[in-house]
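Spelled out, the chains give:
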Amino acid sequence: MPPSSTAELDYRPSYLAAGITAAAIFALYLVTLAPTTAMWDTSEYIASAYVLGNPHPPGNPLFVLIGRVFSLLPIPGASVAVRINILAAVTSAASAGFWFLITERVLVGWLAERWQRVAGGVLAAVIGATAFTVWNQSVVNEKVYTLSLFGLAVISWLTVRWSDDPDGPIADRVLVLIAYLLGLGYANHMMGFLAGPAVAVAVIIRRPRTLLRWQLLLVLAAAVVAGMTVFAFQPIRAGHYPPINEGEPTTLDAFLYNFNRGQYGKPSVLDRQAPFLEGQLGMYWLYFRWQWLRDMRGVAASWQSALASIFMLLGLLGGYVHWKRDRRSFWYFGTFMFSLTLLLIYYLNFKLGHSQCLAMSEASDAACEVRDRDYFFIVSFSAWGVWAALGLVWVWESLAAVIGSEPVRVGRETVALPKRRSWLAASPVLALALIPLFGNWHAASRAGETETRDFAHDMLNSIEPYGVLVTVGDNDTFPLWYAQEVEGLRKDVVVLCTSLLNTDWYVRQMLRRPIFSYDEAAGPALYRGKRWVKPSGPPLKMSLAEADLIPGIVELREPQIFRKETPAGTINATIQPGYLERADQVVLRIILDAFPERPVYISRTSGGYGERLGLGDYLMAQGLARKLLAAPPVAGKDTLQVSREGWFDLATSRTLWNDVFLGAKALERQGDWVDKASVGIPLLYVTTAVSLSEAEQRSGRAAASAELMRRAEAMAKAVGLQ
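Not measured: the values here are computed from a predicted model. (Residues numbered from 1 in each chain as written. Predicted model: local features only at pLDDT ≥ 70, side-chain atom pairs only at ≥ 80, totals over all residues. Heavy atoms only, no water.)

**Some remarks on the overall build of the chain**
Check the secondary structure of the chain and you find 31 helices and 13 strands. For 722 residues, the compact-globule estimate of 2.2 N^0.38 gives 27 Å, and the chain sits close to it at 29 Å. Structurally, the chain occupies a C-alpha span of about 100 × 60 × 50 Å along its principal axes. For the chain, the proportion of contacts with a sequence separation of at least 24, taken over those separated by at least 6, is 75%. In the structure as shown, the chain presents an accessible area of about 29,200 Å², 61% of it carried by carbon and sulfur atoms. In the chain, which carries 65 positive and 61 negative side-chain charges, the distance between the mean positions of the two groups comes to 6 Å. (Helix = DSSP H or I, 4+ residues; strand = E, 2+ residues; numbered from the N terminus. Rg over C-alpha atoms; globule rule 2.2 N^0.38 Å. Contact = heavy atoms within 4.5 Å. Areas by Shrake-Rupley, 256 points an atom, 1.4 Å probe, with all protein chains shown as cover. Lys, Arg positive; Asp, Glu negative; His and termini not counted. Charge placed at Lys NZ, Arg CZ, Asp CG, Glu CD.)

Rendered as structure tokens:
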């Protein structure tokens, strides 16, 4: 029931209840926390925080510094990865606590009894915290966005409180703190500025004369700049050349290029990459559908759409109720929600989403994102819990009124309001808030998932000591960075990612990289008892200045012969007309400079990269990679050609699979692979088992062949490839 018009409203926040709610959500996140690294940017960010490096632009210096602190926390038995994953859990759970407080504050002028307002706060926290993307991103530090979420939740709470008393004794100081947090948030990610337009609207509506106070405006601008000074970390640290130093921002031009995210080449927002309504707004609706029921095992897709419609309607109803019941805080929060949804969708200007493209005809030539981008809307889905909770409270009150009301004197009027027992009788409707908890548990949880770390272990151990491994993208590169820099695994291997080799800084980083000794005792037994000579220098024999002169692209107007003579034979590779990018030139130059003293491998995740350089006849599969040979292989007992793979080293691959690899068993335990954009990693294990099965069959080991096919089918089924 509403408080009396003459009664003093109880604005005291229930900090204890909010803290208990946040602690319960944190406990949920701990139960479902990833025990190690994961796909995409997780490994890059964990490793960057651990070594105080510079991850990809804009560099996220605030995250790196805070992540480094968390990596040093004295948590018994916790690995570096777990400690940094806890950072995601802490910040996200704390954010839920602030959504609790905001929801409770909106309900002050609506519901007189504190227990009802506390119930509303709990609903908001639970709905927002268990939305799929929020939960999934809160149990592993795949991105920096949970830290942004926390900053935006704090700013939201401060702005709502400021809106209550914009002329109060500390109002100006609160604005200065908000301005500082906006700048500090930008030093984590540009997402940190998302609250800026909403803060501006709140100030203009609640205290417009602020715009005439030029001294205060100067202080606010200075506070924003002060928050952004964390960016100074980047050039300072870059000058010490950490192992991960993307963009190498040691000069003003390089720093500004990183700061402005120049390498991504995003088009103007006026140049739409996909139709706004059916493409980009449709992408948001797809991701919104995921939030309430992502575990689709045995569930019809219509249920997902139905639940999404319910939570969409609850949120829209909650927004309307917010407007009607508490206009003061609505000016901020309504603008904030607009910024998180329609404005952000328009600004991001994405291509069609990965899952959208999967649902299209194979004949479609539409431009698509390489992965699903639902994480960009994590704040939207988290904050949606506030409006969904307000809508659910309205439904709760309405049902309670139907069950039974009583006349209550409010000011000079008598109105019919629900009885206390009616509220309790109608409370089962609040169970709607628990749907995401149960509908997302399997899909959002990362408990026990070790596949990514195991993949890095298996890939690196597929490479002979002091080898050079050519990879092509995030998922076959970043996990290797994590394994080498955080766990110290196989640091003797030089990892070269072709997409990064097209930059100048990555070549310089390779040239500066120390030559690490191979730890034979820690390596696979397969490589023991042999003489491995430690190289005296990097695999590319050129100076930093010479590396900077490598052209970005070279056109080949006619076939070219690439020749490399070795004691074991001569490579005569024919490169077809086309273009050689900087990466291609570096790989070929490494073969000239370092092969065969350094073994050279190309990851089997690279598709036909070796063939594009004309090296296909000189490559033989060993484990998860293909080894470059000095002469075309000759068929023999352990050297066979298998379907879709080419030359295959049976003996080495058998030993790696049976005695070294960890990933196959982890995948068999997986049960599903939610992120279909990274399914190429489990598929690599499936194809490895199939190829090994074929090779074993041809070598007369029928039982071993059958067992490998059984495991291939089990892995394919476990991760949803069948």
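**Let's talk about the packing of helix 28 (residues 650-660) against helix 30 (residues 680-698)**
Closest axis-to-axis distance for the helix 28/helix 30 pair is 11 Å, and the angle between their directions is 130°. By the angle between their axes, helix 28 is oblique relative to helix 30. For helix 28 against helix 30, the interelement crossing comes out left-handed. Contacts between helix 28 and helix 30 involve Leu 650, Ser 653, Arg 654 and Trp 657 on the former and, on the latter, Tyr 685, Thr 688, Ala 689, Leu 692, Ala 695 and Glu 696. Residues belonging to the contact of helix 28 with helix 30 are distributed by class as follows: six nonpolar, two polar and two charged. (Axes fitted to C-alpha atoms, helices over the stretch in contact; angles between N-to-C directions. Parallel < 35°, antiparallel > 145°, perpendicular 65-115°, else oblique. Left-handed = near helix turned anticlockwise from the far one by under 90°. Nonpolar A, V, L, I, M, F, W, Y, C, P; charged D, E, K, R; others polar.)

**Re the nonpolar core**
Within the largest apolar cluster, 174 residues are counted, with the highest numbers of intra-cluster contacts made by Tyr 332, Phe 333, Phe 336 and Phe 377. In terms of residue count, helix 4 (residues 80-107) provides more of this core than any other element does, 16 residues in total. With residues up to four places along the chain from it excluded, the contact list for Phe 333 reads Trp 99, Ile 102, His 322, Ala 383, Val 386 and Trp 387. In terms of nonpolar packing, the next biggest core, distinct from the first, is built from 44 residues, Phe 455, Ala 456, Leu 667 and Ile 681 among them. (Core = buried A, V, L, I, M, F, W, Y, C linked by side-chain atoms within 4.5 Å. Buried < 20%, exposed > 50% of the residue type's maximum accessible area, 1.4 Å probe, protein only.)

**Side note on the side chain of Gln 291**
By secondary structure assignment, the location of Gln 291 is in the loop between helix 13 (276-290) and helix 14 (301-325). You can call Gln 291 buried: its relative accessible area is 0%. Residues in contact with Gln 291, not counting those within four places in the same chain, are Thr 130, Ala 131, Phe 132, Thr 133, Val 134, Phe 381, Pro 436 and Asn 440.

**Considering unusual backbone geometry**
Peptide bonds are mostly trans, and most non-glycine residues show a negative phi. A cis geometry characterises the amide bond from Pro 57 onward to Pro 58, with omega recorded as 10°. Inspection of the secondary structure assignment puts Pro 58 in the loop between helix 2 (42-51) and helix 3 (61-71). The peptide bond linking Phe 595 to Pro 596 adopts the cis configuration, its omega dihedral lying at 10°. In this structure, Pro 596 sits in the loop between helix 26 (582-594) and strand 9 (600-603). The phi torsion at Trp 40 lies on the positive side, around 60°, for a residue other than glycine. Relative to the helices and strands, Trp 40 resides in the loop between helix 1 (15-31) and helix 2. Of note in the backbone geometry, Arg 644 takes a positive phi value of approximately 60° without being a glycine. Inspection of the secondary structure puts Arg 644 in the loop between strand 12 (639-642) and strand 13 (646-649).

**As for a nonpolar patch on the surface**
Taken together, Ile 204, Ile 205, Leu 211 and Leu 217 make up a surface patch of nonpolar side chains, about 320 Å² in accessible area. Inspection of the secondary structure puts Ile 205 in helix 9 (residues 196-206). (Patch = residues over 30% accessible without salt bridge, like charges linked within 9 Å, V, L, I, M, F, W, Y side chains within 5 Å. Salt bridge = Lys/Arg side-chain N within 4 Å of Asp/Glu carboxyl O.)

**Quick word on helix 21 (residues 451-461)**
Since the α-helix advances by 3.6 residues per turn, residues separated by three or four positions end up pointing in the same direction. Counting buried positions along helix 21 gives ten out of eleven residues, so the element sits mostly inside the fold. Every buried residue of helix 21 is accounted for by Glu 451, Thr 452, Asp 454, Phe 455, Ala 456, His 457, Asp 458, Met 459, Leu 460 and Asn 461.

**What about the packing of aromatic side chains?**
Applying the stated rule across the entire model yields 42 aromatic pairs. Above the plane of the ring of Trp 323 lies Arg 327, whose end atom (NZ or CZ) is 3.5 Å from the centre. (Phe/Tyr/Trp six-rings, centres within 6.5 Å; stacked < 30°, edge-to-face > 60°. Lys NZ or Arg CZ within 6 Å of the ring centre and 35° of its normal.)

**So, the packing of helix 13 against helix 15 (residues 327-348)**
For the pair helix 13 and helix 15, the least separation of the axes is 10 Å and the interaxial angle reads 120°. One way to sum up the angle between helix 13 and helix 15 is to call them oblique. At the point where helix 13 passes helix 15, the crossing takes the right-handed sense. In contact with Phe 276, Gln 280, Leu 281 and Tyr 284 of helix 13, helix 15 contributes Thr 341, Leu 342, Ile 345 and Tyr 346.

**Some words on helix 30**
Between its first and last C-alpha, helix 30 extends 26 Å over 19 residues, near the 27 Å set by a 1.5 Å rise per residue. Every buried residue of helix 30 is listed here: Ile 681, Pro 682, Leu 684, Tyr 685, Val 686, Thr 688, Ala 689, Ser 691, Leu 692, Ser 693, Ala 695 and Glu 696. The inward-facing, buried residues of helix 30 abut helix 21, strand 12, strand 13, helix 28, helix 29 (663-670) and helix 31 (702-718). After helix 30 finishes, the residue Gly 700 shows a positive phi value of roughly 90°. (Expected span 1.5 Å × (residues − 1).)

**Details of the state of the cysteines**
Each disulfide consists of one covalent bond between the sulfur atoms belonging to two cysteines. Applying the stated rule across the entire model yields one disulfide. Disulfide pairing is shown between Cys 357 and Cys 368; the S-S distance is 1.8 Å. Its S-S torsion of about -95° marks the bond between Cys 357 and Cys 368 as left-handed, since a negative value means left-handed. With Cys 357 in helix 16 (residues 354-358) and Cys 368 in the loop between helix 16 and helix 17 (378-403), this pair connects stretches of sequence that are eleven residues apart. Exposure remark for Cys 357: the relative accessible area of 17% places this residue in the buried category. The exposure class of Cys 368 is partly exposed, given its relative accessible area of 28%. (Disulfide = S-S within 2.5 Å.)

**Focus: the side chain of Thr 471**
Along the polypeptide, Thr 471 turns up in strand 3 (residues 468-471). Within the structure, the side chain of Thr 471 is placed 2.7 Å from the side chain of Thr 477, a separation counted as a polar contact. Among residues more than four places away in sequence, those in contact with Thr 471 are Asp 476, Thr 477, Leu 480, Val 495, Leu 496, Cys 497, Thr 498 and Ser 603. (Polar contact = N/O pair within 3.5 Å; in protein donor to acceptor, adjacent residues only side chain to side chain.)

**Here's the deal with the pairing of strand 12**
The sheet contact formed by strand 12 and strand 13 spans four bridges and is antiparallel. When the bridges of strand 13 are listed, Gln 641 appears paired with Trp 647. Taken together, strand 12 and the strand that follows it, strand 13, pair antiparallel across an intervening segment of three residues, in which Arg 644 is found at a positive phi of about 60°. (Pairing = 2+ DSSP bridges.)

**A short note on the environment of Leu 662**
Among the structural elements, Leu 662 can be located in the loop between helix 28 and helix 29. In contact with Leu 662, not counting residues within four places along its chain, are Arg 453, Asp 454, His 457 and Asp 458.

**Considerations on the environment of Ala 447**
Within the secondary structure, Ala 447 is located in the loop between helix 20 (441-444) and helix 21. If we skip the residues at most four places from it in the chain, Ala 447 touches Val 31, Thr 32 and Leu 33.

**A look at the pattern of salt bridges**
One pass over the structure, following the stated rule, counts 29 salt bridges. If you follow the salt bridges from partner to partner, you end up with Glu 248, Asp 504, Arg 508, Arg 512 and Asp 548 in one network.

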